[in-house]
Structure formats: C-alpha cells, structure tokens
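Chain by chain, the residues run as shown.
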Amino acid sequence: MSNKILFDKVDLGNGLALNNRIVMAPLTRSMADDDLVPTETMAAYYGRRADAGLIISEATIVAADGQGYPNTPGLFTDAQVNGWKGVTRRVHQNGGKMFAQLWHTGRVSHSIFHNGQPPMAPSAVEFHGRVPRFSDLEYGTPRAMTEADIERVIEDFGIAARNAKKAGFDGVEVHGANGYLIDQFLHWNTNRRDDEYGGSPEKMSRFLLRILDRISQEIDQIGIRLSPAAYIHIEHDARDKAVFNYLLEKLNNYSLAYIHSGIFADDPYDHLDGTVTQYIRRHYRGTVIASGGYDADSASEMIGRGDADLIAIGRPFIANPDYVSKVQNQQPPVAYDESMLAELV
Ligand SMILES: Cc1cc2nc3c(=O)[nH]c(=O)nc-3n(C[C@H](O)[C@H](O)[C@H](O)COP(=O)(O)O)c2cc1C
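Model, not experiment: these values are computed from the prediction.

Engineer: Tell me about the site of the ligand, and please be specific about residues and values.
Structural biologist: Within the structure, the ligand sits among 19 residues, and Pro-26, Thr-28, Arg-225, Gly-293 and Arg-315 are positioned closest to it. Between the ligand and the protein, one listed contact pairs an oxygen atom with a side-chain N or O atom of Arg-225 at 2.7 Å. The contact in question runs from an oxygen atom of the ligand to an N or O atom on the backbone of Ile-263, over 3.5 Å. Coverage of the ligand by the protein chains reaches 91% of its 610 Å² of free accessible surface. Split into classes, the residues belonging to the shell around the ligand amount to nine nonpolar, eight polar and two charged.

Shown next, in the form of structure tokens:
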C-alpha cells in the first residue's frame, strides 16, 4: 500500500497549514527537570520528529496543582516558558509545527504532589489504583472543587495558553481526555455535582466550554482531545453518551483547529455505534484526528473511508524518531517496547 493519502497537505484553518496528515500524539515521558522545565534533551527529541505534520507536546500542566506524575513539564513559570522556547525553536528550524497539550490531572494524582493535601476533582469520588513510578502509593479520595477553585483553574488554562504563545507554540490542545480533570467533569462516574457544573449534559459541559472561551482570548489555534468511551481512569455510565452528544454539537459553533480522539485502541464500542473516532465524526463537522493502535496502512484506509482527516501516532513515534520517512519510503518501523521509555531518543 502506498499510503500516499498520508502525505497530503492539510489546512487547519486560521492560517495553519500542515505538510502531511501524520500527527505525533502527545506522549508523557516524565523527563522535565525538577522545576518541571523542558530540557535540551527534550528539544533534541522533539526536533528529530519535526517532519510530522504536527507534533502535540506531552501533557503539560497548567498549574502546580495539576500535577499527577513526576517530572511532567509545566507552562506556568518563566523558566518553563523559556525551556519550551528551546523546544519550539528546534521544531520550527526543522520545518515542523507544534501544539502544547494543556493538562490538569484532577483526581488522578496523589497528595505527595500537593504538600500532603488531597488533589482536586469535580466530586470527592475515590480513585483506585497505584501511582506510576511510585508503585507503593495508592491513589485516594480527592476533595470536591469549590466554585472559587473552578474559576481559578479556568484562569490557569487561560494563562497557560498565553504562555504557550509566548513559548512559540503554534497552538494548544486542551487535554479533555483519558480521565483527567476536564474528562472527570464530562462523566457521571466522577461528576456528582448539583451546581452549575453537574447534573445535566449542559452543566457537565460548562467547565470545558468556559475553558475554551477563556483560552480563545489568548490564542487562535485550539484543538481538543476527548474520550467519550470512558476507557481509562473512569467508569462508563450509560448517561455519558448524552453528555458527549450535547458537547460535540456545541463544539460545532467554536472554530476549533480539530477534535482528537483519546483512546489506546480505536475499536468499536456498542454504546457509541462504532469507534470513538467514527462517533466524533458523526457529531462534529470540523477536522478530526483519529488515534489508537493505527499503523500507516490502517490509518490510510481509515482516512480514505472518511472517518478522520489526520492520524495521531503514539508508541511507534517513541520507537522510531524517523517514523515519517520510514512510512514515506515504505520501510518497516521498529516495534515499540516499554523499555524504550527509559530514555529520550
Ligand atoms: C508512554 C505514553 C505516554 C502517553 N502520554 C499521553 C499524554 O501525555 N497525553 C495524552 O493525551 N495521551 C497520552 N498517551 C496516549 C497516546 O497519545 C495515544 O493516544 C496512545 O498511545 C494510542 O496511540 P498509539 O497506539 O499510536 O500509541 C500516552 C501513551 C503512552 C504509551
């Protein structure tokens, strides 16, 4: 298969043109320094992958209280902005484009990251599991956010978007996926609120929509990653679908760069009547990025079928800094192995 379709140019709107349809998916590597500042090694790592049509950065916390893993980078101090400048400069020098993925982990965090205090979430619903890289530590019960917390976090997303622009990013991706804070508002399992932020699809969508409104004041290019399937860090509830039906319809009124499916394997779900990507495509009329277990052949087929416009590739990009040229030259990629996470190559 030639996979020629992957090498079409793509226009994301607002003046942003991509060289091809291959997106480097956001991949947390926990290799920022102890002040959560991106390093020179990270600049070299991203710079080597700049022939992707678009790179989405590893999830980047918007404030100290958004942290849930060690050494994940931030975008809330001058040093972090300067660190990211080194990264975006390298990517641009090598002809690439890069978005920052803006993140708050909510309840998928532990008090060791918050001076002994529990992390925040929409509601005080316990999360069972162990913190990666601190395997003796159990997650616990978060505290429910007050309205003042909500206002502050919305503002933190706005400031982080402003900082992303200062740091030279071409846009931002709001991390609304994978069971983290925004996703916790979008699912009934984790959102038990009875105020303006919970209790109905409209109210459960409000937190994300307010973040988008705030970020739009700072930067033109905004994408979102969503996980309607509730496949990780959250339990599925049959009422969730109505939330995403409502939200996706609303998002048609925002001039977003794209919506990106957050999933590890883009297989069909009965309750979504298809894959996560197909479900998003049915409800959203703008640009769609698929992800989750694709290779060049299956991505070409999926894009050819019209399910999405772009493909985000995750683990194969860890294993193959030259993934794009391998696809172009029809060379087989090196298989990903978890041991590769130990080093930024
Ligand atoms: C090591 C690792 C780190 C990840 N970090 C993030 C992240 O920071 N943000 C995010 O939205 N998804 C993250 N993901 C999910 C990927 O973006 C992607 O959706 C997933 O790996 C499926 O795509 P793939 O089959 O091409 O790897 C991560 C996945 C892996 C394996």
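Engineer: Can you explain the pattern of salt bridges? Please cite residues and give values.
Structural biologist: The tally for this structure, following the rule as stated, stands at 19 salt bridges. When the shortest N-O distance is used, the salt bridge between Asp-195 and Arg-193 registers 2.7 Å. A relative accessible area of 17% means that Asp-195 is categorised as buried. Arg-193 gets classed as buried once you look at its relative accessible area, which sits at 11%. A salt bridge links Glu-218 to Arg-214; the nearest nitrogen and oxygen atoms lie 2.9 Å apart. For the pair Glu-218 and Arg-214, one class covers both residues: buried.

Engineer: Quick rundown of the environment of Asp-240? Include the residues and the values.
Structural biologist: Mapped onto the elements of the fold, Asp-240 is located in helix α6 (residues 240-251). Sequence separation between Asp-240 and Leu-209 is 31 residues, and the spatial gap between their C-alpha atoms is 17 Å. Discounting chain neighbours no more than four positions away, the residues touching Asp-240 are Leu-186, His-187, Trp-188, Ala-230 and Glu-235. Reaching out from Asp-240, the side chain makes a polar contact with the side chain of His-187 at a distance of 2.9 Å.

Engineer: Would you mind going over the packing of helix α5 (residues 201-216) against α6 in detail, with residue names and values included?
Structural biologist: Direction vectors running N to C along α5 and α6 enclose 40°, while the axes themselves pass 9 Å from each other. When the interaxial angle is binned, α5 and α6 end up oblique. Read as a crossing pair, α5 and α6 show a hand that is right-handed. Residues Pro-201, Glu-202, Met-204, Ser-205, Leu-208, Leu-209 and Leu-212 of α5 lie in contact with α6, whose contacting residues are Ala-242, Val-243, Tyr-246, Leu-247, Lys-250 and Leu-251. Residue classes in the contact of α5 with α6 are distributed as ten nonpolar, one polar and two charged.

About the cut-offs
- Residues numbered from 1 in each chain as written.
- Predicted model: local features only at pLDDT ≥ 70, side-chain atom pairs only at ≥ 80, totals over all residues.
- Heavy atoms only, no water.
- Near = heavy atom within 4 Å.
- Polar contact = N/O pair within 3.5 Å; in protein donor to acceptor, adjacent residues only side chain to side chain.
- Areas by Shrake-Rupley, 256 points an atom, 1.4 Å probe, with all protein chains shown as cover.
- Nonpolar A, V, L, I, M, F, W, Y, C, P; charged D, E, K, R; others polar.
- Salt bridge = Lys/Arg side-chain N within 4 Å of Asp/Glu carboxyl O.
- Buried < 20%, exposed > 50% of the residue type's maximum accessible area, 1.4 Å probe, protein only.
- Helix = DSSP H or I, 4+ residues; strand = E, 2+ residues; numbered from the N terminus.
- Contact = heavy atoms within 4.5 Å.
- Axes fitted to C-alpha atoms, helices over the stretch in contact; angles between N-to-C directions.
- Parallel < 35°, antiparallel > 145°, perpendicular 65-115°, else oblique.
- Left-handed = near helix turned anticlockwise from the far one by under 90°.

It is worth stressing that arrangement in space is one thing and function is another; only the former is reported here.
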